[in-house]
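Secondary and tertiary structure notes
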Amino acid sequence: MKMLRSNANNPAMFALTILIGILLTLAAGDVRAAGSDNPAGDTVQRAIAVLHPTAGSHVSGTVTFTGHDNGVQVSATVDGLKAGKHGFHIHELGDCSAPDGTSAGGHYNPEGNPHAGPDQMKRHVGDLGNLEADQSGHSRYERRDAHLSLNGPQAIVGRAVIVHAGEDDLSSQPTGAAGARMACGVIGIAAP
């Protein structure tokens, strides 16, 4: 404090002290921004989303994402569904706070492509197609997806996974007419 007061009497030293403080603050911000994909600064190899039911739903499950050279392996186990197909997507925001899941925003679509099936070249990055539940309401999903990434500017970490009430028709714009959101989970970095 004494140094700051003495610098206040010398305008050049005071300005230099303030400038150094600003530069240190900016440098700290650059370091945080450079590691914003992952607070630890490491490359993400595995991510997970724990699905929680939206209001009035009993759907829950787990989705894991494992990075590979040719994309991301998506593995899901979901329970509490009605038998049949259910739209399954990655949405743009990692926010499941709204009772109906709408706080997760729309499908993750950084390239501005039309909605389509998961095997189409031009599609939303978040278009994973459908889960298919058996008569007991259980569904398993496995897919290696070249459109997904756990790192870089289009990383899915920090976004949300949504399971819908109805089948994604894979063509209706903008979201496949899959109906209400039955479960939502934020994609986070998984333990090794």
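As a starting point, this report considers the structure included with it. (Residues numbered from 1 in each chain as written. Predicted model: local features only at pLDDT ≥ 70, side-chain atom pairs only at ≥ 80, totals over all residues. Heavy atoms only, no water.)

1. Digging into the pattern of salt bridges
For side chains of opposite charge, pairing can occur when their charged atoms come near one another. Here is the rule: Salt bridges, as used here, are contacts in which a Lys or Arg side-chain nitrogen is within 4 Å of a carboxyl oxygen on Asp or Glu. In this description a helix means any DSSP run of H or I spanning at least four residues, a strand means any run of E spanning at least two, and both kinds are numbered starting from the N terminus. The classification of residues rests on relative accessible area computed with a 1.4 Å probe and restricted to protein chains. Under 20% of the type maximum is buried, over 50% is exposed, and intermediate values are partly exposed.
Tallied over the entire structure, the rule returns 2 salt bridges. Note that Arg143 and Asp119 form a salt bridge whose closest N and O atoms lie 3.0 Å from each other. With Arg143 in strand β6 (residues 139-145) and Asp119 in the loop between β4 (84-91) and β5 (127-133), the pair connects residues that are 24 residues apart, well separated along the chain. With a relative accessible area of 64%, Asp119 lands in the exposed category. Ionic pairing is found between Asp145 and Arg143, a salt bridge with its closest N-O pair at 3.2 Å. Grouping residues by exposure puts Asp145 and Arg143 together as buried. A cluster of three or more residues bridged by salt bridges with shared partners is formed by Asp119, Arg143 and Asp145.

2. So, the sheet that holds β5
Which entries qualify depends on this criterion: Here a strand pair is declared whenever DSSP counts at least two bridges between the two strands. Axes here mean lines fitted to C-alpha atoms, for a helix over just the part in contact, with angles spanning 0 to 180 degrees between N-to-C directions.
The strand order across the open sheet formed by 8 strands is β5-β4-β7-β8-β1-β2-β3-β6, and the pairing between neighbours is antiparallel. Where the open sheet ends on each side, the last strands, each with one partner, are β5 and β6. Sheet twist, expressed as the average angle between the axes of neighbouring strands with direction ignored, equals 20°. Pairing between β4 and β5: 5 bridges, direction antiparallel. Following the sheet pairing, His86 is matched in β5 by Leu131.

3. With respect to the nonpolar core
Defined as follows: We call a set of buried residues a nonpolar core when its members are Ala, Val, Leu, Ile, Met, Phe, Trp, Tyr or Cys and they connect through side-chain atoms within 4.5 Å of each other.
Core analysis: the biggest nonpolar cluster contains 28 residues, and Val63, Phe65 and Phe88 have the highest contact counts within it. Looking at this core, the elements that each hand over two or more residues are β1 (46-53), β2 (60-68), β3 (71-79), β4, β5, β7 (160-164) and β8 (181-189). Per element, the largest residue contribution to this core is 4 residues, and it comes from β3.

4. So, the pairing of β2
On a regular strand, one side chain projects to one face of the sheet and the next to the other, so that they alternate. Sheet topology places β1 next to β2; 6 bridges connect them, and they run antiparallel. Among the inter-strand pairings, Ala49 is bridged to a residue of β2, identified as Val63. Between β1 and β2, which pair antiparallel in sequence order, lie 6 residues; one of them, Gly56, sits at a positive phi of approximately 80°. In terms of strand pairing, β2 meets β3 through 9 bridges, oriented antiparallel. The residue of β3 that forms the bridge with His68 is Gly71.

5. A short note on unusual backbone geometry
In this model, Gln173 is joined to Pro174 through a cis peptide bond whose omega is 5°. Mapped onto the elements of the fold, Pro174 is located in the loop between β7 and β8.

6. As for the side chain of Ser57
This is how it is decided: Two N or O atoms form a polar contact when they lie within 3.5 Å of each other; inside protein one atom must be a possible hydrogen donor and the other a possible acceptor, and for residues adjacent in sequence the pair counts only when both atoms belong to side chains.
Inspection of the secondary structure assignment puts Ser57 in the loop between β1 and β2. Its relative accessible area of 9% is what places Ser57 among the buried residues. Of the polar contacts made by the side chain of Ser57, one reaches the backbone oxygen of Met182; its length is 2.8 Å.

7. Description of the environment of Thr43
Counting through the fold element by element, Thr43 comes out in the loop between α2 (11-34) and β1. Taking the C-alpha atoms as reference points, Thr43 and Gly67, separated by 24 residues in sequence, lie 9.9 Å from one another.

8. Focus on the packing of aromatic side chains
To be explicit about the condition: Planes of paired rings set the category: under 30 degrees apart is stacked, over 60 is edge-to-face and the rest tilted, where pairs are Phe, Tyr or Trp rings (Trp by its six-membered ring) whose centres lie within 6.5 Å.
Taken as a whole and judged by the stated rule, the model has 1 aromatic pair. When the ring of Phe88 is compared with that of Tyr141, the centres are 4.8 Å apart and the planes differ by 65°; the resulting orientation is edge-to-face. Taken together, the residues Phe88 in strand β4 and Tyr141 in strand β6 connect sequence positions 53 residues apart. Residue class for Phe88 comes out buried when judged on its relative accessible area of 0%. For Tyr141, a relative accessible area of 8% puts it in the buried group.

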